[in-house]
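# Structural characterization, general
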Amino acid sequence: MATVIARPSIPPMEFPAPNELDRADLLGMRIGVPIRVPLLARFGMSTQTGVIWLGTWGVLSTFFFVAGLAVLTFAGLQQMQGNLPLLIKYFANVQIQPPEGLGMAPSLQQGGFWQINMILWAASVTCWAFRCYERCVRFSWRPYLFFAYCAAILLTATIWLYRPLVMGSWAEAPALGLNSDLDWAQNFSVLWGNLYYNPWHMLAIFFLFGSTMLWGMHGATILATAAEGSHQEVAEIKDMHSGSHKSMLFWRWTMGFNANPKTIHDWLYWFSVGVVLSSAIGIIATGPIVKDWYVWGVDHGWVQQYGPITRSAINGSPQIAPVGINAPAQQGVPKGQGGY
Amino acid sequence: MRKLFAPLLVAAAVIAASSIVPVFTGAKAADAGGGTTMVAPERAQQTPPTLVNPAQDGEEIDHRALEIYKGQYGPVDQNAPLDFSTQPKSVPRHYLPGQLYNVQVLKGYNYGQLVGQMAYYTQSLGVQCSYCHNVGNFAYDTPTKKIARTMQIMSNGVQAAWIEPVKRDYPNYAVSGAVGCATCHRGNPHMDVHWNVVPVQYLDSTHKSTKQAGYVVNSMYSAARSLGVNCLFCHNSADFVTLQYYPTNKIAHRMWAMVDDINHKYLPANIKAVTCYTCHQGAKWPAVLVKAGLDQTPVQAIASHPDYQDNPGAHIEAGAGR
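The shown structure was predicted, so the numbers you read here are calculated from the model rather than taken from an experiment. (Residues numbered from 1 in each chain as written. Chains lettered and ligands numbered in written order. Predicted model: local features only at pLDDT ≥ 70, side-chain atom pairs only at ≥ 80, totals over all residues.)

### Some words on the overall build of chain A
Secondary structure summary: chain A contains 12 helices and 4 strands in total. Here chain A holds 340 residues, and 30% of them are scored as buried. Long-range pairs, those at least 24 residues apart, make up 56% of the contacts in chain A with a sequence separation of at least 6. (Helix = DSSP H or I, 4+ residues; strand = E, 2+ residues; numbered from the N terminus. Buried ≥ 20, exposed ≤ 12 C-beta atoms within 10 Å, placed from the backbone. Contact = placed C-beta atoms within 7 Å.)

Shown next, in the form of structure tokens:
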């Protein structure tokens, strides 16, 4: 027996008057023409494409981005002796390596391409951040988008700029390339004593997994109640028996508490920003402050010492001696099972 | 707005064009100067002053040098005139039957033992006598013969200086057998370089950047694939740097130093051909070993084979070389 619930009458949303959007500062510099592409609706987008607002920062950012792409392309071409098919074949393996030390690179091949690219990258993302801020202000928004983008810039700048500056060598930064980023994560973890023991890395993973969980809950809830008009969150938020109201009831009855259609986005925002913020702290602390995260964990008594620490950690950090009950007996592993 | 974009694209193209100029000029210069250059086999410094891995920092392994190596030390030209002015005094112009001349490494061998060892060489490298000897004068020193002498010295030296101490200190990990020619050659006179590894100084260095640590990690992958194992064969994955207490780890460190020793002592400076794969070739223990006692060099082991007096090639037929 299906129970039919009569939909409540929802008052239409109040949109601003059309002439309010026609202000000159909003319409000012736009490029392109609106094109209707019905296929876009299949991919969850609006059908209209085109008309991009063109600002000074946007133009500059695009210019630096294109210039960086060009330099990257020709740096890769040079590694392949100008052989384009070879570059395409080994595209994932091409690396643009940073130079050793903090000075200017001796040549384009030994880090010059990397430095040019990093300058162009910094200029591009900075201009794009200004563009974000400028648009937010023009729309009379609070600049949350700008803050979030700055958080993302903070993490990348920590990896590519701040930490190499503190460590005194550009070679601490990842090379530019697809596989080289993954290689850097591996090398970084191995060299500085297993990043999994880095508490800030743990916190970043907590935020990352937490944000995916929140995104899953939020997205599933909205999709489930879309038939009841919950996509009109602002209009429904005050109404009883609306989709949004039932969503809040669902979670309160399921787990005892709930967010509301506004605060769920607070949760998501801070979890997402928390990923990059805690990652940046963990990265900048690795090396200048903590030489070896495993030894750090052993020092602080929350990681088991699996064996004698036979070699001093890199860069001469003070090490604990394998004494006391933590020092295991030195015994050989049976033949055929060595290391396992 | 197209008027605005056009100069930007032109500027980007100019930057790109200016950056590609050294690309082609550099490539042409390398092509012009590379093919005919003869690289002198000079000894490299034992301890490089700076941590720069030539194989990773822009200077790849010189494969042209390997080609030169092949050409210079290939089969002996039997028609070349013998130049006795360049030969040691032990090389005679006329022989007495049953006598051995110009034996410098395999001293103390009688005729039968020597022939057995030579048969082992040919079996291991898949060559004939004429690959090293001038068949008109077997005592004559040819380039390949000098290389063979160096290789025999290397084999004995590696066994005595590196393998035997490992067997003594880690008896649980030892296998019976010794390094012979076939351990690396396995029927081929030349070997290809499969992967390259960093010098052992990299492993001991306490001042590595993350970039240089990448060279070490890549070399570790090379070593792991050479032995058919993964990282945990030698490492405790909790901390790869400070937890290096497995016996396999310590053995691997000795082996790494051995590879460095071989490359520096016995090979020309421009050929750093020996890696883990050279001997291991995918196995934890090299599959081809000479069946020798722990107190014997391979040559002595072959000479002391029980069937040796009757049949000098018995150790080959019995599979000792495989």
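### Quick word on the overall build of chain B
When its secondary structure is counted, chain B shows 11 helices and 0 strands. Secondary structure elements of chain B, listed N to C terminal, follow the sequence α-α-α-α-α-α-α-α-α-α-α. Long-range contacts, defined here as pairs at least 24 residues apart, represent 71% of the contacts in chain B between residues at least 6 apart.

### A closer look at the confidence of the model for chain A
Residue and element names in this part refer to chain A. Model confidence for chain A is summarised by a mean pLDDT of 83, while 80% of its residues fall at 70 or above. Taken element by element, chain A is modelled with least confidence in helix α2 (residues 24-27), mean pLDDT 54, and with most confidence in helix α11 (residues 263-285), mean pLDDT 96. In the predicted structure, residues 311-340 sits below a pLDDT of 50 and forms 54 contacts with residues beyond four places in sequence or in another chain. (pLDDT = per-residue confidence, 0-100.)

### Some points on the packing of helix α7 (residues 178-191) of chain A against helix α7 (residues 210-227) of chain B
Packing of α7(A) against α7(B) brings their axes to within 9 Å, and their N-to-C directions diverge by 95°. Between α7(A) and α7(B), the interaxial angle falls into the category roughly perpendicular. Here D183(A), W184(A), Q186(A), N187(A), F188(A), V190(A) and L191(A) of α7(A) lie close against α7(B), whose contacting residues are T210(B), A213(B), G214(B) and V217(B). A breakdown of the residues in the contact of α7(A) with α7(B) according to their chemical character gives 6 nonpolar, 4 polar and 1 charged. (Axes fitted to C-alpha atoms, helices over the stretch in contact; angles between N-to-C directions. Parallel < 35°, antiparallel > 145°, perpendicular 65-115°, else oblique. Nonpolar A, V, L, I, M, F, W, Y, C, P; charged D, E, K, R; others polar.)

### Looking at helix α3 (residues 56-79) of chain A
Between the first and last C-alpha of α3(A) there are 35 Å, a value that for 24 residues agrees with the 34 Å anticipated at 1.5 Å per step. Just downstream of α3(A), Q81(A) is the residue with a positive phi angle, here 55°. (Expected span 1.5 Å × (residues − 1).)

### Topic: the domain arrangement of chain A
Residue and element names in this part refer to chain A. Domain annotation for chain A reports domain 1 (55-191) and domain 2 (204-306). Between the C-alpha centres of domain 1 and domain 2 there is a distance of 29 Å. Facing 12 residues of domain 1, the contacting portion of domain 2 comprises 11 residues. Taken together, the residues of the side of domain 1 that touches domain 2 sort by class into 10 nonpolar, 1 polar and 1 charged. (Domains from an automatic or database assignment.)

### Let's talk about the packing of helix α8 (residues 199-224) of chain A against α11(A)
Residues and elements named next belong to chain A. At a closest axis distance of 8 Å, the pairing of α8 and α11 adopts a crossing angle of 160°. The angle between the axes of α8 and α11 places the two elements in the roughly antiparallel class. Crossing handedness for the pair α8 and α11: left-handed. Facing α8, whose interface residues are W200, H201, L203, A204, F207, L208, G210, S211, L214, W215 and H218, α11 presents I264, W267, L268, F271, S272, G274, V275, S278, S279, I281, G282 and A285. Of the residues contributing to the contact of α8 with α11, the split by class is 14 nonpolar, 9 polar and no charged. (Left-handed = near helix turned anticlockwise from the far one by under 90°.)

### Structural notes on the nonpolar core
Formed by 82 residues in total, the largest nonpolar core has its most connected members in A67(A), V71(A), I96(A), F113(A) and W293(A). Other than its neighbours up to four places away in sequence, F113(A) contacts V71(A), A75(A), I96(A) and L108(A). (Core = buried A, V, L, I, M, F, W, Y, C linked by C-beta atoms within 7 Å.)

### Comments concerning the environment of K250(B)
Relative to the assigned elements, K250(B) resides in helix α8 (residues 247-265). For the pair K250(B) and C234(B), spaced 16 residues apart in sequence, the C-alpha separation works out to 8.1 Å.

### What to know about the environment of G55(A)
Structurally, G55(A) can be placed in the loop between β4 (52-53) and α3. On a C-alpha basis, the gap between G55(A) and R131(A) in space is 7.2 Å, while along the polypeptide they are 76 residues apart.

### Brief notes about helix α6 (residues 144-167) of chain A
Residues and elements named next belong to chain A. Its 24 residues give α6 an end-to-end C-alpha distance of 32 Å, which sits within 8% of 34 Å, the value for a rise of 1.5 Å per residue. Residue T158 marks the point of greatest curvature in α6, where the axis turns by about 55°. Residues of α6 that are buried include every one of L155, T158, I159, W160, R163 and P164, and no others. Here the buried face of α6 lies against α5 (108-138) and α11. (Bend = angle between axes of the 7 residues up to and from the residue.)

### Re the environment of Y246(B)
All names here are of chain B. Inspection of the secondary structure puts Y246 in the loop between α7 and α8. Of the residues examined, Y246 has 21 C-beta atoms within 10 Å and is grouped as buried. Y246 sits 42 residues away from V288 along the chain, and the two C-alpha atoms are 25 Å apart.

### A short note on the confidence of the model for chain B
Residue and element names in this part refer to chain B. Of the residues in chain B, 65% reach a pLDDT of 70 or more, and the chain-wide mean stands at 73. Here helix α11 (residues 314-317) is the element of chain B with the lowest mean pLDDT, 44, and helix α9 (residues 276-280) is the one with the highest, 91. Long-range and interchain partners of residues 19-50, a stretch whose pLDDT sits below 50, account for 31 contacts in this model, where long-range means more than four residues apart. Predicted confidence for residues 311-322 stays below pLDDT 50, and this span has 28 contacts to residues more than four positions away or in other chains.

### Considering unusual backbone geometry
In this model, Q81(A) sits at a positive phi of 55°, which is unusual for a non-glycine residue. Inspection of the secondary structure puts Q81(A) in the loop between α3 and α4 (84-89). Phi is positive for R186(B), close to 55°, though the residue is something other than glycine. With respect to the element layout, R186(B) can be found in the loop between α5 (181-184) and α6 (200-204).

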